[in-house]
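# Remarks on the overall topology
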Amino acid sequence: MDELNMQEMPLPALFEQAKKIHDEASESSINQERVRKGCEILRVCEEMIGKLGLFSRNETKDDISTANLKYILVPYYLAELTEKIAEDDRIEVLKASQAKLKEFISFCETMELVPEDEIETSTQGGPSFSVDRRAKKITRFKRQRTAESKLLELKERKERRGRSTKAAALSSPVETGEDDVLDDDGEEEREAWLTTISLALCKAFDLLEMLMKEEEILSAVREKQLQDGEKEFSQLILDERTQKVESWHRNAAAQARYTKPAAPITCATFAQDVIEGRAKVSEAHEHKHQPLLFGPASLVGVNPTTERERIAAQVFQPHYRLPTMSIEEAGLTEMNMMNKWQERNVKLMEEANSSWYKDGPKSRPGEDDEEEDDDAAQDKARAWDDWKDENPRGAGNKKLTPCG
C-alpha cells in the first residue's frame, strides 16, 4: 500500500489495519517490512486526526464521542511498533518510542484517564526506594489484570447478546427492543475502549521504564566505545556534520528564488483575487477599475438617440450618484494631496525658523532720499511752529487795536 492510497482511505479503515498489525506484532514476531508499514499507517492516522481536530486540550474523556475514543491509542500503538524496528542506531529508536509513549501518557492525563497514584509518581519523578517501586509495580499489575478480565467479560457478554439477538430474530419476525439493544451496545463499546486505554496505560508505564533503562545501558556502552576510539569517532562526527552543512546550503540555494519577498499589494480587490486564486502575486495591477454599469446590456455604453432609449437606459439605475473612482484610486489621490501638503508645511517651517524678521524691513532703492526729504520737512515744520509761538497773530499791529 503506497502513501497515495493511504491518504485516500478513511480514518476508521486505516486504524483497523494498524490495529491488526499491532495485534500481530504483540502476539508473535513479524517481519520488519510489516512493522514499518504499520508505523507508516499510524503516522498517516496521526496526520488525519490533527487535520480533523478530533481532540482538544480543553476536553475530558466524557466530552469525547464513543466513535473517537479508540483514536487515543494511536500514539501508543506507534510507540510499540517503533520499538520493534531493527536499526543500527538503537538509541534513536528508543528515543522515538519514548517520545510517543510520553505523548500518549500526557494526553491521557489531560483527558483524566491516568490514575491518581500514577500522576503522583510522575510528578515526584518516580519512586526513589525499591520498596515503593515494588509496591507501584504490584498495583499496576493488579490494575492490568483487572482490565484484562473486564475486557474478556465484555467480549463474552457481547457474544452472548449477539447469539440471543440472532435466535430471537429467527424465532419471531417482529423486532422488539432493538433500540435498547443498540443503547446497550454503545455503552459496552464505550466501556470496552476506556478499559483498553486503561490497559494500554499500564503497559505504557512499564514499557517506558524498560526503554529508559535500555537507553541508559546503551549510552554507557557507547561512551565506553568513544573513550576507546575517540579519534576515529570524532572524524566520523566531523564528516557527518560536513555532509549536513553541505546539504543545508544546497537546499537553501534551491529555495532562494522562492524566498524573495513579493511587492506589497495595495489594492484590496486584487488581494482578494490573489487569496481566492483568481490572480497571481506576480501579475501587474494598476488600480484601475471599470465603473459599475446598470441597465439592459444592449444599451450599456451606447448614447441614447431617442426618448425611448433614454428612458430604457435609466431602468434599474440607483437613486444615488455613482462614484467616479474606486476606493483605491481615492486613497492614492488623498495620499498625493497629503504629500504636497507636507512638503508645503516643511517649506513654511523652514521660513519660520529663518532670521528674516530679526533684520528689520529691507530698504528698497530710492528709500534713503525719501527719508532725508522727510527729515528736512519735519525740521521746517518744527521751526515754523516755534516762530508762531513767539509771534502770536497780530502782535506787531498795535495801532489797529481800539485802545492803541
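Starting afresh in each chain, residues are numbered from 1 along the sequence in its written order. It should be noted that, the model being predicted, local features are given only for residues of pLDDT at least 70 and side-chain atom pairs only at 80 or more, the latter also being counted only at that level, while totals for whole chains, interfaces and linings use all residues. Where side-chain values are given, they derive from all heavy atoms of the structure, hydrogens and water being excluded.

What follows covers the overall build of the chain. Helix and strand labels come from DSSP, where a helix needs a run of H or I of at least four residues and a strand needs a run of E of at least two; each type is numbered from the N terminus. In terms of helices and strands, the chain carries 13 helices and 0 strands. Seen in sequence order, the chain has helices and strands lined up from the N terminus as α-α-α-α-α-α-α-α-α-α-α-α-α. Residues count as neighbours in contact if any of their non-hydrogen atoms are within 4.5 Å of one another. Pairs at least 24 residues apart make up 72% of the contacts formed inside the chain by residues separated by at least 6 positions. Residue burial considers only the protein chains on display, and all accessible areas are found by Shrake-Rupley using a 1.4 Å probe. Summed over its atoms, the accessible surface of the chain is roughly 30800 Å², and 53% of this surface lies on carbon and sulfur atoms.

A few words on the nonpolar core. By nonpolar core we mean a set of buried residues, namely Ala, Val, Leu, Ile, Met, Phe, Trp, Tyr and Cys, connected to one another through side-chain atoms within 4.5 Å. Each residue is assigned to one of three classes by its accessible area relative to the maximum for its type, calculated with a 1.4 Å probe on protein chains only: buried under 20%, partly exposed between the two thresholds, exposed over 50%. Counting residues in each nonpolar core, the largest one holds 46 residues, and the members touching the most others are Ile 72, Leu 101, Phe 104, Cys 108 and Leu 201. When residues of this core are traced back to their parent elements, those giving at least two are α2 (11–27), α3 (32–52), α4 (74–83), α5 (90–110) and α8 (178–228). Leaving out residues up to four positions away in the same chain, Phe 104 has contacts with Ile 72, Leu 73, Pro 75, Tyr 76, Ile 197, Ala 200, Leu 201 and Ala 204.

Further remarks concern the pattern of salt bridges. What makes a salt bridge here is a side-chain nitrogen of Lys or Arg within 4 Å of a carboxyl oxygen of Asp or Glu, nothing more. In total, this model carries 17 salt bridges according to the counting rule given. With a closest N to O distance of 3.3 Å, Arg 34 and Glu 24 form a salt bridge. Placement of Arg 34 in helix α3 and of Glu 24 in helix α2 is noted, with a sequence separation of 10 residues between them. Judged by its relative accessible area of 24%, Arg 34 is partly exposed. Exposure remark for Glu 24: the relative accessible area of 26% places this residue in the partly exposed category.

Taking 1.5 Å per residue as the helical rise, α5 with its 21 residues ought to reach 30 Å, and the 30 Å between its terminal C-alpha atoms agrees with that figure. Those residues of α5 that fall on the buried side of the exposure criterion are Ile 91, Val 93, Leu 94, Ser 97, Gln 98, Lys 100, Leu 101, Phe 104, Ile 105, Phe 107 and Cys 108. Note on α5: the residue one or two positions beyond its end, Glu 112, has a positive phi of about 65 degrees. Here, expected helix span is obtained from the residue count minus one, scaled by 1.5 Å.

In this section: the packing of α3 against α4. Axis separation between α3 and α4 bottoms out at 9 Å; the angle between their running directions is 155 degrees. The pairing of α3 with α4 is recorded here as roughly antiparallel in orientation. For the crossing formed where α3 meets α4, the hand is left-handed. Of the residues in α4, those in contact with Val 35, Gly 38, Cys 39, Leu 42, Arg 43, Cys 45, Glu 46 and Ile 49 of α3 are Val 74, Pro 75, Tyr 77, Leu 78, Leu 81 and Thr 82. Axis definition: a line fit to C-alpha positions, over the contact stretch in the case of helices; interaxial angles, taken between N-to-C directions, run 0 to 180 degrees. Should an angle fall under 35 degrees it is called roughly parallel, over 145 degrees roughly antiparallel, and 65 to 115 degrees roughly perpendicular, with every other angle called oblique. Put simply, a crossing is left-handed when the front helix is turned counterclockwise from the back one by less than a right angle, and right-handed when it is turned clockwise.

We now examine the packing of α2 against α3. Packing of α2 against α3 leaves a shortest axis separation of 9 Å and a crossing angle of 145 degrees. Viewed along their axes, α2 and α3 form a crossing whose handedness is left-handed. Contact residues: Leu 11, Leu 14, Phe 15, Gln 17, Ala 18, Ile 21 and Glu 24 in α2; Arg 34, Gly 38, Ile 41, Leu 42, Val 44, Cys 45, Met 48, Ile 49 and Leu 52 in α3. Tallied by class, the residues present in the contact of α2 with α3 amount to 12 nonpolar, 2 polar and 2 charged. The nonpolar class holds Ala, Val, Leu, Ile, Met, Phe, Trp, Tyr, Cys and Pro. Asp, Glu, Lys and Arg form the charged class, and all remaining residues, Gly among them, are polar.

Bringing unusual backbone geometry into the picture now. Phi angles above zero are rare outside glycine, and Glu 112 is one such case at about 65 degrees. Structurally, Glu 112 is set in the loop between α5 and α6 (116–124). When its relative accessible area of 52% is taken as the criterion, Glu 112 is described as exposed.

So, about a negative patch on the surface. On the surface, Glu 371, Glu 372, Asp 373, Asp 374, Asp 375 and Asp 379 cluster together into a patch of negative charge. The residue Asp 373 is located in helix α13 (residues 367–390) in this model. What goes into a patch is any residue over 30% in relative accessible area without a salt bridge, connected to like charges within 9 Å or, for nonpolar side chains (Val, Leu, Ile, Met, Phe, Trp, Tyr), within 5 Å. When charges are counted, Lys and Arg contribute as positive and Asp and Glu as negative, whereas His and the chain ends are disregarded. For this purpose, a charge sits on NZ of Lys, CZ of Arg, CG of Asp or CD of Glu.

Here we come to the packing of aromatic side chains. When the centres of two rings from Phe, Tyr and Trp lie within 6.5 Å, Trp using its six-membered ring, the rings pair. Their planes under 30 degrees apart give stacked, over 60 give edge-to-face, and anything left gives tilted. In this structure the tally under the stated criterion is 7 aromatic pairs. Grouping aromatic residues by their ring pairs yields a cluster made of Phe 15, Tyr 71, Tyr 76, Tyr 77, Phe 104 and Trp 193.

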